[in-house]
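# Per-entry structural report
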Amino acid sequence: MTNATQSMFFKSNGVDAHWDTWMFYHEGTYYLFYLITEYSPGEGFGLATSSDGVTWTDHGWAIKASDKMVTYLGTGAVWKSPDFDTSGRFICNYSEWRLEDDGRQTQNIFFAHSQDLMNWTKFGDDHIFKVDTRYYEQHGRWDCIFPLPRPEGGYYGYWTATPKNTVGFGFGQSDDGVHWEALPSPELIWEGADPPHSMEAGAVAEFNGSYYAIVGQGSRTMKTMIAGNPAGPYTVAPINYALLENSGEHKHTYFARFLRTPDDILVNHHAVTRFQLDTGRDICYWAPLKRAFVDDNGTLWFGYWKGNEALKKNAVSTQFASQGGPVQMADKLVDAQGGVVIEGRVNLPAAGQPESDWPGLYIEYAPGLGSYIQVGPAGAAHFGLMAESENQSQREDVMARAWPFGDTVTFRTLLKESVLEFYLDDLLIQSYSLPAEATGRTGILNPTGAILDIQVWNAV
């Protein structure tokens, strides 16, 4: 165990890289599992715990791949055994690519069990959930069951798979949470969107009698599809189809999963830095928890989670003043290594107002160089790079949520090291990564006096 504690964005110090994350909540403790990816897309997974969902203790490796694994160990999820009241047993799944008798590699799903969510024991190979070749390709993907409780008991499951002659995801059911029956892949209706070349199943949750699937497309975006029953058909969400999106060159975020808690359905995903190991593996963080909610029109959104208020540990009294350039710099450094929260209000520009007049934030990552976030009409947000003393910038990413913002909105930025996320009126706008770790110098772009009531906190 490493027993290292950290807040806000989480990155294990016990391993060099990790990728997908999944979570489980039980009796006041949040359990965060992370797929370890130091040399491949997966060698095992680790575990961190938290009593508040904000500050994490890292416990290191929880499961390692077997000696039969030849390519990688894949992502999983955790659920209670249907007989939990008597057995007290938790179940997780993971996958391994192994060589079959024909000499080809096949990905199959495996299971492990635990009494405390900390120590895991693998089931034997007699519990392998093999690819069902009636509906799915033998040598395609078969990975990462995400469970959805069935009304009659047991679970439906959704996983990454390769359906025959179509793009889609795996679907099935289980009475005991360990032995699974594959069913045909749900029909996907692509009206209003182009079908992707491939798909990864993130998670499914039920809101108000409808079923919302968040699915990965190309390791850069998480999209929403909606059905009237668990088996589909699923249609493209007409609004906010792209829950997590990277419109520019860099992939800043990926792979969202739902987390059920007594009070909310939350969501977690990872934040992707611009850095890689020599092995080519991306260096990532687990991103702060968010609230998943559906509005009166049936649209799924990700929003700020009230539990993140615990990050506001130490207020920083800050004034901003111009030093001759477009940026008004803060007179106090923030603790970017430990994490910082920046909040305020902003008057949104009117339609047609030039981008040079849009208000925004500036976060330095090298002397005189910073990343900016500018907010435009209707809450459209631009992200990019600029010099502190010059009126020149390089736009990298754009995100406009179809949300009915008013004339004045609140903003929140959570920043740690080289990753951040940005909210307007508690709605997640975008996750974004800087070219280098933030130096602690911050500023604002405020040519028309539109930014009001800025408050800053260090998270440690």
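Residues numbered from 1 in each chain as written. Predicted model: local features only at pLDDT ≥ 70, side-chain atom pairs only at ≥ 80, totals over all residues. Heavy atoms only, no water.

This part takes up the overall build of the protein chain. Scanning the protein chain from terminus to terminus reveals one helix and 37 strands. Rg of the C-alpha trace for the protein chain: 22 Å, near the compact-globule value of 23 Å for 460 residues, within the 12% margin. Taken over the C-alpha atoms alone, the protein chain extends approximately 70 × 50 × 45 Å along its principal axes. The 460 residues of the protein chain split such that 60% are buried. The long-range share in the protein chain, meaning contacts at least 24 apart out of those at least 6 apart in sequence, stands at 57%. By element, 46% of the accessible surface of the protein chain is carried by carbon and sulfur atoms, the whole surface being about 17,800 Å². One finds the centroid of the 32 positive side-chain charges in the protein chain at a distance of 2 Å from the centroid of its 55 negative side-chain charges. (Helix = DSSP H or I, 4+ residues; strand = E, 2+ residues; numbered from the N terminus. Rg over C-alpha atoms; globule rule 2.2 N^0.38 Å. Buried < 20%, exposed > 50% of the residue type's maximum accessible area, 1.4 Å probe, protein only. Contact = heavy atoms within 4.5 Å. Areas by Shrake-Rupley, 256 points an atom, 1.4 Å probe, with all protein chains shown as cover. Lys, Arg positive; Asp, Glu negative; His and termini not counted. Charge placed at Lys NZ, Arg CZ, Asp CG, Glu CD.)

The biggest cluster of nonpolar side chains holds 90 residues, and the ones touching the most others in it are F111, F129, W142, I214, Y234, F258 and L300. Beyond its immediate stretch of four places on either side in the chain, F129 contacts N108, I109, F111, W142, I145, W159, W180, E181 and A182. Counting residues in hydrophobic clusters, the runner-up holds 34 residues, among them A336, I373, F383 and L427. (Core = buried A, V, L, I, M, F, W, Y, C linked by side-chain atoms within 4.5 Å.)

To continue, consider the pairing of strand 20 (residues 253–260). Where burial is concerned, most of strand 20 is hidden: seven out of the eight residues are buried. Pairing of strand 20 with strand 21 (residues 265–276) involves six bridges; the strand directions are antiparallel. Across the sheet, the residue bridging to T253 is A271, located in strand 21. As consecutive antiparallel partners, strand 20 and strand 21 are separated by four residues. (Pairing = 2+ DSSP bridges.)

Moving on, we get to empty space enclosed by the protein. The final tally for this structure, using the stated rule, is one cavity of 30 Å³ or more. Put simply, the largest cavity is a space of about 60 Å³. Around the largest cavity sit V346, P359, G360, L361, I373, V375, F411, F422 and I451, which together line it. Those elements giving two or more residues to the lining of the largest cavity turn out to be strand 29 (360–366) and strand 30 (369–375). (1 Å grid on protein atoms, 1.4 Å probe; cavity = no way out; pocket = protein on both sides within 12 Å on 5 of 7 lines; lining within 4 Å. Points joined across faces, edges and corners; volume = space filled by probe spheres on them.)

Mapping T57 onto the fold places it in strand 5 (residues 55–64). For the pair formed by T57 and F10, sequence separation is 47 residues and the distance between their alpha carbons is 9.6 Å.

If you walk through the whole model with that rule in mind, you get 20 salt bridges. A salt bridge links R98 to E96, with the shortest nitrogen-to-oxygen separation between them at 3.0 Å. Here the two residues R98 and E96 agree in accessibility, since each one is buried. D175 serves as the salt-bridge partner of R150, at 2.6 Å between the closest nitrogen and oxygen. (Salt bridge = Lys/Arg side-chain N within 4 Å of Asp/Glu carboxyl O.)

The next point concerns the layout of surface pockets. Empty pockets left among the atoms are what a rolling probe the size of a water molecule brings to light. Approximately 380 Å³ is the volume found for the largest pocket. Taken together, 20 residues make up the lining of the largest pocket; nearest its centre are F24, W79, K80, Y155 and R260. Elements with a minimum of two residues in the lining of the largest pocket: strand 2 (18–26), strand 6 (73–80), strand 10 (142–149) and strand 20. The element that contributes the greatest number of residues to the lining of the largest pocket is strand 2, accounting for five residues. Residue composition of the lining of the largest pocket, by class: 14 nonpolar, four polar and two charged. (Nonpolar A, V, L, I, M, F, W, Y, C, P; charged D, E, K, R; others polar.)

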